[in-house]
Amino acid sequence: MPVQFAAKRLGKELNKIQNGLPPGIELVSADNLEEWLLDIRVLDNNPLYLNETYRLKFRFGQSYPIEPPEVVFVKQADRPIPIHPHIYSNGIICLDLLGQQGWSPVQSVESVSMSLQSMLTGNTKNERPPGDEEFVRANKQRPKDIEFYYHDNTV
């Protein structure tokens, strides 16, 4: 039952996305209902992200949308990992929206992409999260299995 619900929901989301996304967000691939790639750009003149495009990878579990998708930034030759106090250098994003605490089934791929785009737009700090190097070196968990402590709502 949950698998059918996830497939139905993702099919609806994909149909909506293929009919258009907000400016600065582009579907790159959605060959299956397990993993999608999207590109996002910051549309204002924020010097931290000017003329950059970032790649997002969404991975969907069988319980989507009851459980959040796993969302990370993916580094490629022409797609860096954005520098932000809530984005680790390996692409893992510390955002309550992507965890069990902040997730709601009314969220979608489009709304998550827009939230991340907005998060970048409003950032003025050219820095990684505290402990980035240690976290990236030591972490062996998938993003969905990490229990972040959300304490900074100013970024």
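Under the annotation held in an unreviewed UniProt entry, the protein carries the name Ubiquitin conjugating enzyme and is attributed to Neurospora intermedia.

Caption draft 1: A look at the pairing of strand β1 (residues 25–29). Bridging between β1 and strand β2 (residues 35–40) involves four bridges; their strand directions are antiparallel. Residue pairing for β2: Ile25 is matched across the bridge by Ile40.

Caption draft 2: Representation of the sheet that holds β1. The four strands are arranged β1-β2-β3-β4 in an open sheet whose pairing can be described as antiparallel. Since the sheet does not close on itself, it has two edges, and those belong to β1 and β4 (70–74), each with one partner. The sheet shows a mean angle of 30 degrees between the axes of neighbouring strands, direction not considered. Sitting on the sheet, helix α2 (residues 109–121) is in contact with β1, β2, β3 (54–59) and β4, with an inclination near 35 degrees to β2.

Caption draft 3: Representation of the packing of aromatic side chains in the model. One pass over the full model with this rule turns up seven aromatic pairs. With a centroid separation of 6.3 Å and 85 degrees between ring planes, the pair formed by Tyr54 and Phe73 is classed as edge-to-face. Within this pair, whereas Tyr54 is found in strand β3, its partner Phe73 is found in strand β4, the two being separated by 19 residues in sequence. Both residues of the pair, Tyr54 and Phe73, belong to the buried class. For the pair Phe58 and Phe60, a centre-to-centre distance of 6.2 Å together with 20 degrees between the ring planes defines the contact as stacked. Across the pair, exposure class does not vary: Phe58 and Phe60 are buried alike.

Caption draft 4: Quick peek at the environment of Pro23. With respect to the helices, strands and loops of the structure, Pro23 is situated in the loop between α1 (2–18) and β1. Taking the relative accessible area as the measure of exposure, Pro23 reaches 60% and is therefore exposed. In this structure, the C-alpha to C-alpha distance between Pro23 and Arg41, residues 18 residues apart in sequence, is 8.5 Å. With near-sequence residues (within four places) excluded, Pro23 lies in contact with Leu43 and Gln117.

About the cut-offs
Residues numbered from 1 in each chain as written. Predicted model: local features only at pLDDT ≥ 70, side-chain atom pairs only at ≥ 80, totals over all residues. Heavy atoms only, no water. Pairing = 2+ DSSP bridges. Helix = DSSP H or I, 4+ residues; strand = E, 2+ residues; numbered from the N terminus. Axes fitted to C-alpha atoms, helices over the stretch in contact; angles between N-to-C directions. Contact = heavy atoms within 4.5 Å. Phe/Tyr/Trp six-rings, centres within 6.5 Å; stacked < 30°, edge-to-face > 60°. Buried < 20%, exposed > 50% of the residue type's maximum accessible area, 1.4 Å probe, protein only.

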